[in-house]
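Listed below are the residues making up each chain.
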Amino acid sequence: MRLLRGRVPAGITLERGERVLASAATRGGSHVAATTTALHVPTPEGGFTRVPWERVDHASWKDGWLHVQETSGGAEHHVRLTDPGSVPETVRERVTATVAVSHQARLPGGGKVRIAGRRPATGGDVRWSFVFEAGLDPDDPGLRAQAEQILEDLRRQTGL
């Protein structure tokens, strides 16, 4: 069953001022809701996880599945939708709208890092994240220091 835009699926609690833009039923009998400020995805326990748009590193839609990766090595969410409606397009638009800066840089010690600056849908300061190239340890203090220096240069260049 496809839900109408604006209707809040059962079990989802919205924050003050948050509105549903698109929602869809899942194959598991739950729902996904894309709101003005976040994506609400079902949990295996029967509840929902609220993922603010600025915390979505990337999302994709393939073969009936919505795949969402949170920033900074956060959780991955994989949800099969029965009828996606406008959920995939809404997710793409909302995630893209949060991106203030996306910059890929070569690290002095070798390898690459992608630095993303995202502005919350509710406004406020830009939040920065690092995505290191596969094979690099994101917890390595030396790599993080190199990435922080690149970020400082990027912030000076962009004024953010």
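Owing to the predicted nature of the structure, the values given are computational and were not obtained by experimental measurement.

Criteria and cut-off values
- Numbers given for residues are sequential positions, taken from 1 along each chain in its written order.
- Since the coordinates come from a predicted model, pLDDT governs what is reported: local features require at least 70, and pairs of side-chain atoms require 80 or more to be given and counted, while whole-chain, interface and lining totals use all residues.
- Note that water and hydrogens are dropped before the side-chain values are worked out from all heavy atoms of the structure.
- We call Phe, Tyr and Trp rings a pair once their centres come within 6.5 Å, taking the six-membered ring for Trp, and we label the pair stacked below 30 degrees between planes, edge-to-face above 60, and tilted otherwise.
- A simple rule labels every residue: compare its accessible area, found with a 1.4 Å probe on the protein chains alone, to the largest value its type can have, and call it buried under 20%, exposed over 50%, or partly exposed in between.
- Strands were regarded as paired on the criterion that DSSP finds at least two bridges between them.
- Helix and strand labels come from DSSP, where a helix needs a run of H or I of at least four residues and a strand needs a run of E of at least two; each type is numbered from the N terminus.
- To get an axis, a line is fitted to the C-alpha atoms, and for a helix only the part in contact is used. The angle between two axes follows their N-to-C directions and goes from 0 to 180 degrees.
- Only heavy atoms enter the contact rule, under which two residues are in contact if any of them lie within 4.5 Å.
- Only buried Ala, Val, Leu, Ile, Met, Phe, Trp, Tyr and Cys residues count toward a nonpolar core, and they belong to the same one when joined by side-chain atoms within 4.5 Å.
- Salt bridge criterion: a side-chain nitrogen from Lys or Arg within 4 Å of a carboxyl oxygen from Asp or Glu.
- Given a helix with a known number of residues, its expected span is that number minus one, times 1.5 Å.
- Each C-beta atom gives one direction from the helix axis, and the arc is the one those directions make.
- Pairs of N or O atoms are called polar contacts if they sit within 3.5 Å, as long as, within protein, a hydrogen donor faces a hydrogen acceptor (for residues adjacent in sequence, only side-chain-to-side-chain pairs).

1. What about the packing of aromatic side chains?
- Within the structure shown, the criterion is met by 1 aromatic pair.
- Geometrically, the ring pair formed by Phe 130 and Phe 132 is tilted, given 6.1 Å between the ring centres and 50° between the ring planes.
- A relative accessible area of 11% places Phe 130 in the buried class.
- Residue Phe 132 is classed as buried on the basis of its relative accessible area of 10%.

2. Comments concerning the sheet that holds strand 3 (residues 38-42)
- Judged by pairing direction, the sheet is antiparallel, and its 4 strands sit side by side in the order 1-2-3-4 without closing on themselves. Two strands close off the open sheet at either side, each with one partner strand: strand 1 (20-25) and strand 4 (48-52). Across the sheet, the mean angle separating the axes of adjacent strands is 15° when strand polarity is ignored.
- In the sheet, strand 2 (residues 31-35) pairs with strand 3 via 2 bridges, with the strands oriented antiparallel. Within strand 3, the position partnered with Ala 34 by the bridge is Leu 39.
- The strands that helix 1 (residues 87-98) touches are strand 1, strand 2 and strand 3; relative to strand 1, the one it contacts most, it runs at about 140°.

3. Describing the nonpolar core
- By size, the foremost hydrophobic cluster in this structure holds 16 residues, and its most contacted members are Val 32, Leu 39, Trp 53, Leu 66, Leu 81 and Val 87.
- Elements supplying a minimum of two residues to this core: strand 1, strand 2, strand 3, strand 6 (65-70) and helix 1.
- Counting residues per element, this core draws most heavily on helix 1, at 3 residues.
- When neighbours within four sequence positions are excluded, Leu 39 is seen to be in contact with Val 32, Ala 33, Ala 34, Thr 49, Arg 50, Val 51, Trp 53, Leu 66, Val 68 and Val 91.
- The next biggest cluster of nonpolar side chains, apart from the first, holds 12 residues, and it includes Leu 107, Val 113, Phe 132 and Leu 151.

4. Let's talk about the pattern of salt bridges
- According to the stated counting rule, one finds 7 salt bridges in the structure shown.
- Note that Glu 70 is salt-bridged to Arg 55, the shortest N-O span being 3.3 Å. Of the two residues, Glu 70 sits in strand 6 while Arg 55 sits in the loop between strand 4 and strand 5 (56-62), which places them 15 residues apart along the sequence.
- By sharing partners, the salt bridges in this structure join Glu 15, Glu 18 and Arg 50 into a single network.

5. Let's talk about helix 2 (residues 141-158)
- For helix 2, built from 18 residues, the straight-helix expectation of 26 Å at 1.5 Å per residue is met to within 8% by its first-to-last C-alpha distance of 25 Å.
- Of all the residues in helix 2, the buried ones are Leu 143, Ala 147, Ile 150, Leu 151 and Leu 154. Projected onto a plane normal to the axis of helix 2, the buried residues spread over an arc of 110° and lie on a single side. Exposed residues pointing more than 90 degrees away from the buried face of helix 2 are listed as Pro 141 and Arg 156.
- N-cap assignment for helix 2: the residue whose side-chain oxygen lies 2.7 Å from the backbone N of Gly 142 is Asp 140.
- Taken from the residues just after helix 2, Gly 159 is the one with a positive phi, measuring 75°.

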